Amino acid sequence: MAKEKNLFVCSECGGTSLKWLGRCPSCGAWNTLIEQVAGPAGGSANNRVGTQFAALAGSAELATLSEIEATDIERTPTGLDELDRVLGGGIVDGGVTLIGGDPGIGKSTLLLQAVDALQRAGRNAIYVTGEESGAQVALRSRRLGLEQSQVQVLAEIQLEKILATLDATRPAIAVIDSIQTVYSDQLTSAPGSVAQVRECAAHLTRFAKASGTAVVLVGHVTKEGALAGPRVLEHMVDTVLYFEGDTHSSFRLVRAIKNRFGAVNEIGVFAMTERGLKGVANPSAIFLSQHAEPVPGSVVLVTLEGTRPMLVEIQALVDNGGPSPRRLSVGLDRDRLAMLLAVLHRHAGVACMDQDVFVNAVGGVRISEPAADLAVMLAITSSLRGKPLPKGFIAFGEVGLAGEVRPAPRGQERLREAAKLGFSVAVVPKANAPRKGAKEIEGLTIHPVERIEEAMDVVRQLQ
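Quick notes on the rules
Residues numbered from 1 in each chain as written. Predicted model: local features only at pLDDT ≥ 70, side-chain atom pairs only at ≥ 80, totals over all residues. Heavy atoms only, no water. Helix = DSSP H or I, 4+ residues; strand = E, 2+ residues; numbered from the N terminus. Areas by Shrake-Rupley, 256 points an atom, 1.4 Å probe, with all protein chains shown as cover. Lys, Arg positive; Asp, Glu negative; His and termini not counted. Charge placed at Lys NZ, Arg CZ, Asp CG, Glu CD. Axes fitted to C-alpha atoms, helices over the stretch in contact; angles between N-to-C directions. Parallel < 35°, antiparallel > 145°, perpendicular 65-115°, else oblique. Left-handed = near helix turned anticlockwise from the far one by under 90°. Contact = heavy atoms within 4.5 Å. Nonpolar A, V, L, I, M, F, W, Y, C, P; charged D, E, K, R; others polar. Pairing = 2+ DSSP bridges. 1 Å grid on protein atoms, 1.4 Å probe; cavity = no way out; pocket = protein on both sides within 12 Å on 5 of 7 lines; lining within 4 Å. Points joined across faces, edges and corners; volume = space filled by probe spheres on them. Buried < 20%, exposed > 50% of the residue type's maximum accessible area, 1.4 Å probe, protein only. Right-handed = clockwise from strand over helix to strand, strands pointing away.

What follows is about the overall build of the protein chain. The helix and strand tally for the protein chain stands at 11 helices and 23 strands. Projected onto its principal axes, the C-alpha positions of the protein chain cover 85 × 55 × 50 Å. Of the roughly 22,900 Å² of accessible surface on the protein chain, 51% is carried by carbon and sulfur atoms. Mean positive and mean negative side-chain charge positions of the protein chain (47 and 50 charges, respectively) differ by 2 Å.

Structure representation (structure tokens):
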């Protein structure tokens with residue numbers, strides 16, 4: 001009988017080692033090597049690999065790029081407008097989507113609502129659950145109000161049985177909840193290990209491409225918020241979605257990180273209700289606080305999430321900090337905040353060396369684009385002086401180290417969104433102001449600026 005060998009596999013990158021090490025030799029991560037059975041010895045390594053991945057091999061002929069027929073990708077709406085926005089219009093036949101999020105955030109709820117809507121639209125759907133029983137899924141569907149749902153449910157975690165069922169039924173969409181619970185008989189490691197996740201995802205991806213079934217994989221996340229398992233999983237699939245939100249809040253964000261069939265960085269906004277997740281048509285209302293009167297330290301920013309302009313309130317609080325002042329930001333980059341404070345001191349004469357500075361993006365949204373610079377600096381100045389900005393005031397623009405105010409992409413769309421929601425005064429980069437002869441934005445007074453000093457002068461005149 002062949003002797004089994006043990007290998008140590010890194011849970012971060014999938015690298016292997018013949019003995020345990022405190023640090024992975026491939027990626028440098030600490031305490032990530034996990035012992036696994038490598039399988040019986042015998043036969044060449046090439047033969048074992050060839051047998052293991054024989055099902056994934058395909059034959060293709062060499063073709064010239066200009067001669068390949070290119071057709072538009074057909075999409076099937078899921079029935080949830082916000083999810084369709086993130087996906088680029090709907091699901092694609094043969095596409096593989098990976099969705100991750102914290103436990104209890106609503107991944108299973110969202111997908112159950114989506115497959116039920118597709119089933120009612122005449123698209124056969126299968127929901128494969130490895131974490132719950134069929135009765136638990138049925139109980140959730142009753143709670144969501146999905147009466148008389150015709151979605152087929154399979155409670156199974158063995159990959160070969162799942163593939164046999166999918167091959168026999170050929171559904172339009174199949175949801176695997178979750179990929180960490182699925183295992184293959186070809187490997188001896190436990191479900192959720194790096195080898196099992198990678199192998200099972202590869203087989204499901206191959207089936208999706210060969211059959212035209214759209215496959216949705218649910219993935220767990222680590223304590224740091226990244227998808228569990230090797231990063232190769234994100235490279236194998238077509239679309240990667242992150243389901244974000246605070247469990248103490250009823251609002252959820254679905255963000256596209258990768259999408260081979262559409263734009264990335266799109267977001268969909270949902271509200272968790274007793275009857276499931278409902279799309280929010282006007283997400284700007286979530287991120288704007290309702291003040292009866294303008295308050296110091298509050299500026300409304302028009303940010304861009306994918307193709308969607310959204311209004312987010314930026315709040316700043318400047319207070320006496322003593323010998324060791326603090327710099328804290330929530331929803332914004334802390335290092336960029338330190339840089340903006342230095343620019344504010346050097347070019348605008350506003351000093352905060354001995355002050356605590358706290359900056360917050362209301363609603364728990366994360367803003368990564370530099371177009372928030374001008375709004376952050378105006379909010380800090382307003383809080384430091386104790387003077388509120390006028391009602392209906394918005395600002396956006398990137399600020400450079402030399403004090404110049406750089407334009408933000410798609411500035412006209414941002415201004416139109418602000419005017420539509422009733423804002424009346426805007427301080428924007430000069431390059432984003434409407435050009436001469438262009439149609440003016442009704443109800444919005446625009447103050448174009450080229451430097452941060454000009455922006456401060458405009459604000460002083462408005463206060």
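Turning our eyes to something else, we now look at the packing of helix α9 (residues 373–385) against helix α11 (residues 452–462). It is at 11 Å that the axes of α9 and α11 come closest, and there the two elements cross at 50°. Between α9 and α11, the angle falls in the class oblique. The hand of the α9/α11 crossing is right-handed. Only I452, A455, M456, V459 and R460 of α11 make contact with α9, whose side of the interface consists of L374, M377, L378, T381 and R385. When grouped by side-chain class, the residues that make up the contact of α9 with α11 number seven nonpolar, one polar and two charged.

Let's shift gears to the sheet that holds strand β19 (residues 393–395). Within the open sheet, the seven strands sit side by side as β17-β18-β16-β15-β19-β22-β23. Their pairing is mixed. Of all the strands in the sheet, just β17 (327–330) and β23 (445–449) have a single pairing partner and so form its edges. Ignoring strand direction, the axes of neighbouring strands in this sheet form an average angle of 25°. Taken strand by strand, helix α10 (residues 411–420) contacts β15 (298–305), β16 (308–320), β19, β22 (425–429) and β23, and its axis lies near 80° from that of β16.

With that out of the way, let us pick up empty space enclosed by the protein. Using the criterion set out here, one finds two cavities of 30 Å³ or more in the structure. Estimates place the volume of the largest cavity at around 110 Å³. Around the largest cavity, the lining comprises 14 residues; the ones closest to its centre are L83, L87, I91, L111 and V216. Listing elements by their share of the lining of the largest cavity, those giving two or more residues are α2 (81–87), β6 (96–101), α3 (107–120) and β9 (173–177). Across the lining of the largest cavity, the residue classes break down as 12 nonpolar, two polar and no charged.

Another point: unusual backbone geometry. Following D177, the chain continues into S178 via a peptide bond in cis, with omega recorded as 5°. Following the sequence through the fold, S178 ends up in the loop between β9 and α6 (194–211). Positive phi outside glycine occurs at N31, with the angle close to 55°. A positive phi is found at R410, a non-glycine position, where the angle reads about 55°. Looking at the element boundaries, R410 is found in the loop between β21 (405–406) and α10. Judged by its relative accessible area of 34%, R410 falls in the partly exposed class.

Quick look at the pairing of strand β18 (residues 355–361) now. Of all seven residues in β18, five are buried; the element is thus mostly enclosed. Inspection of the sheet shows β16 paired to β18 by seven bridges, in the antiparallel sense. Pairing of Q315 across the sheet is with N360, part of β18. Strand direction decides the pairing type here: β17 and β18, joined by four bridges, are parallel. Paired with L328 across the strands is F358, a residue of β18. A crossover connection joins β17 to the parallel β18 through helix α8 (residues 334–348); in handedness this β-α-β unit is left-handed.

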